[in-house]
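Listed here are the chains, written in short residue letters.
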Amino acid sequence: MAGRIDAGTPLRGTVGRPVAEAEAALVRHYRRLVRLAYLALPADRDRHGRVLAAHAAVQRALPSRWTLRDLLAEPVGPDEDSLYAALRQRVLRAALRPRPGERLLAPRVWGLRLFTPGGGEEDAALDRELAGLDAPARAAFALLAVDGLTPVQAAGALRQAGAAEPDPAVERAERLRAGSEPGRPAFDPCAVRVQPTDLLRRRRAWGVSLGVAALALTTSAAVLAGAGSGAGGGGTAAARPRSVPPSGTAPDPGRVVRTPADRWQHTARMDFSAWPARGDRRDDPALLGRALAAWAQPGPQTRAEPGTDTAPPQGAPHLLFAGTVDGAAVVVLYDGGRLARYTDGRGGGLDLARADDADVTTAAAVVLRRQGTSARYLLAPWIEAADLRRSDQPDAPGRPLERTDGVTAAAAAPATTASPGPLADCRSAAVLQLRSSPAIAEKHVFLLADLGGLVPAHLTYTPPPDRARPAREPREAAGPDALQAWARGGCAVPDSSPGVKQLDLWTFAVQQLPQNAGAASWVCLRADRWDGEGSAATAVLLPGARGPQRTGGGPGRACSRFEQDTVGWTWWRSPQGTEFLLAAGSRRVARIGVKGPDWTADRPAPDHTLAVERPARAAVTVEGVLEGGTRIAPLR
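None of the values given here were measured: they were computed from a predicted structure.

1. As for the nonpolar core
Move 1: Ranked by internal contacts, the top residues of the largest apolar core, which has 52 residues, are Val58, Leu130, Leu143 and Leu158.
Move 2: When residues no more than four places from it in sequence are discounted, the contact partners of Val58 are Leu26, Tyr30, Leu33, Val34, Ala37 and Val91.
Move 3: Counting 42 residues, the second-largest nonpolar core is a separate cluster that includes Phe321, Ala353, Ala355 and Leu432.

Following this line, the structure appears as structure tokens:
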């Protein structure tokens, strides 16, 4: 790198032209700066938009002459290039505080999509972990990994860029940095792959554009002809030109996308785009027009689940259903990322929910109509059988749920969307037990829980650890052990409100209680929402207890694939009246430590559990120590 450039001296070789030297430095370090921006930018857009945003952030980093002089006055390290540090500071500021209007000024690419080269599982995992960090931590990770700064230098660069708490951000980034390789092509926005956009949609768009252009020419010709006739005082009056619909009006009902009925049998994309159009009014243009108009112009009767955009659909949406349900006309549409359910008439309106990245389970059912304590569902075309079962009766068989053209009979469902939901308040919740067609998977049975929203949540189960096997992955919650676990611990879920995509119950430890009092199961329940947010709660299931005893919880990535280590604790009184502090950790917890007011217990935990007898309960601090020495604290 070049040596330090003082703010008060001319730049070498470019006396009086500091901006030209800055432009040369930007071009020289362009790839490095763009990679830094790509890692630091938020992951709230697709890879195409993120690539363009990274290039835009660097190209807009070129300062003016007066701004550059102020930036060069900022302190830098003894071996750092002042020009590069100034450019990097402007890139970091753009990444830390992105402005909504900047997306409109980003470079545009028509007809093509840009992607960084696809990497392996490690690259995908790193990308997901970066998405879980806040902006300062992502920027700190980029400084550590791309520029090779020390933690102290990275904190200083963040502080100059305006980060409020740079030191904690660097600490979070250092934890993620271990073992990661962000220098691979998957994180290089200058080494991109190019693919075309949706060719059929572009063809339709070109057709519409040509039609509008032809209409404009015809209108102009008619107006000119009318003006000529008027000037002469004779001739017939020119016909009025037909108006062009203004931007933002509802799409033509005749242009909604209708998927063939057997599409799901011939595609690998098993989401709502594979649903055919169903319902006895799917060919009713007036009803479809009202539904499309309600989506094109959201109003007071538009209700959106948390994290769902209320903007009009982009292009023509898919028609999934249009029919009469319990005396009301209902239309369900899908625009590739959201579901819209329109209910016609008084008391109806438009309900919107996210449905991006759905799969064979999360795209298996939609709530068509909710009345009182019952609801009717529209099931996916690949559902072969449907049962209704009670969450508190794991041994009882499910009751068959009749359906006609995918529409089920009325089934017990939440009466309201108020919090807490049907699972969280320990009421008996009805869940759907669905079986996929053998064309999808053999003997694939799964559970969905209606939480009062538009799309039911997928229930999964992660069994206790097995020392002879690697960490287990979540599986369907339809087996006997899973049903028993959900019946006992399901009401400790941290979130059972509309917008939850998946709920997982993980039994992370089983503890043999002192004084031969039986076994306790330690569970962590996780809720993942469609918008990417999530929360977790730990609980213990004690023998003879009527329900779970929650021991901690909160938002974040705990108990997910990105944060697989956890520990929990509680006070317990044995049947003989003895007070014990119980603690348990997940499979990698090797030691458990407890600190009381005047006592300490720190012991190896070969079975990942600890029981300490005490004369009375008191305030304590508990922590788990992993096999590598890392210390973890319980959820609060």
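2. With respect to the side chain of Thr551
Move 1: Examined against the element boundaries, Thr551 turns out to sit in strand β22 (residues 549-555).
Move 2: Residues contacting Thr551, with those up to four places away along its chain left out, are Trp522, Thr538, Ala539, Val540, Gly568, Trp569, Thr570 and Leu635.

3. Structural notes on the state of the cysteines
Move 1: Enumeration over the complete set of coordinates arrives at one disulfide.
Move 2: Here Cys524 is linked by a disulfide to Cys559, with a sulfur-sulfur distance of 1.9 Å. Since a negative S-S torsion denotes a left-handed disulfide, the Cys524-Cys559 link at about 95° is right-handed. Of the two residues, Cys524 is situated in strand β20 (residues 519-529) and Cys559 in the loop between β22 and β23 (567-573); the sequence distance between them amounts to 35 residues. The pair Cys524 / Cys559 is uniform in exposure class, with both members buried.

4. A short note on the packing of aromatic side chains
Move 1: Enumeration over the complete set of coordinates arrives at four aromatic pairs.
Move 2: For the pair Phe272 and Trp275, a centre-to-centre distance of 5.2 Å together with 55° between the ring planes defines the contact as tilted.
Move 3: For Phe272, a relative accessible area of 0% translates into the label buried.
Move 4: Assessed through its relative accessible area of 0%, Trp275 is described here as buried.
Move 5: Taken together, a centroid distance of 5.6 Å and an interplanar angle of 50° make the contact between Phe272 and Tyr334 tilted. Here the residue Phe272 occupies a position in the loop between α10 (199-232) and α11 (285-296), and Tyr334 occupies one in strand β5 (residues 328-334), the gap between them amounting to 62 residues.
Move 6: The class of Tyr334 is buried, set by a relative accessible area of 1%.
Move 7: In textbook terms, an aromatic cluster arises when at least three aromatic residues are bridged by ring pairs, as seen for Phe272, Trp275 and Tyr334.

5. As for the packing of helix α7 (residues 135-145) against helix α8 (residues 151-161)
Move 1: For the pair α7 and α8, interaxial distance at closest approach is 9 Å and the crossing angle is 130°. One way to sum up the angle between α7 and α8 is to call them oblique. At the point where α7 passes α8, the crossing takes the right-handed sense. For the pair α7 and α8, the contacting residues are Pro136, Ala139, Ala140, Leu143 and Leu144 in the first and Pro151, Ala154, Ala157 and Leu158 in the second.
Move 2: Residues of the contact of α7 with α8, tallied by class, amount to nine nonpolar, no polar and no charged.

6. Things to note about the sheet that holds strand β27 (residues 609-614)
Move 1: Across the sheet, three strands lie side by side as β23-β24-β27; this open sheet has antiparallel pairing. If you trace the sheet from one side to the other, it starts and ends with β23 and β27, each paired once. Geometrically, the sheet is characterised by an average inter-axis angle of 20° between neighbouring strands, direction not taken into account.

Criteria and thresholds
- Residues numbered from 1 in each chain as written.
- Predicted model: local features only at pLDDT ≥ 70, side-chain atom pairs only at ≥ 80, totals over all residues.
- Heavy atoms only, no water.
- Core = buried A, V, L, I, M, F, W, Y, C linked by side-chain atoms within 4.5 Å.
- Buried < 20%, exposed > 50% of the residue type's maximum accessible area, 1.4 Å probe, protein only.
- Contact = heavy atoms within 4.5 Å.
- Helix = DSSP H or I, 4+ residues; strand = E, 2+ residues; numbered from the N terminus.
- Disulfide = S-S within 2.5 Å.
- Phe/Tyr/Trp six-rings, centres within 6.5 Å; stacked < 30°, edge-to-face > 60°.
- Axes fitted to C-alpha atoms, helices over the stretch in contact; angles between N-to-C directions.
- Parallel < 35°, antiparallel > 145°, perpendicular 65-115°, else oblique.
- Left-handed = near helix turned anticlockwise from the far one by under 90°.
- Nonpolar A, V, L, I, M, F, W, Y, C, P; charged D, E, K, R; others polar.
- Pairing = 2+ DSSP bridges.

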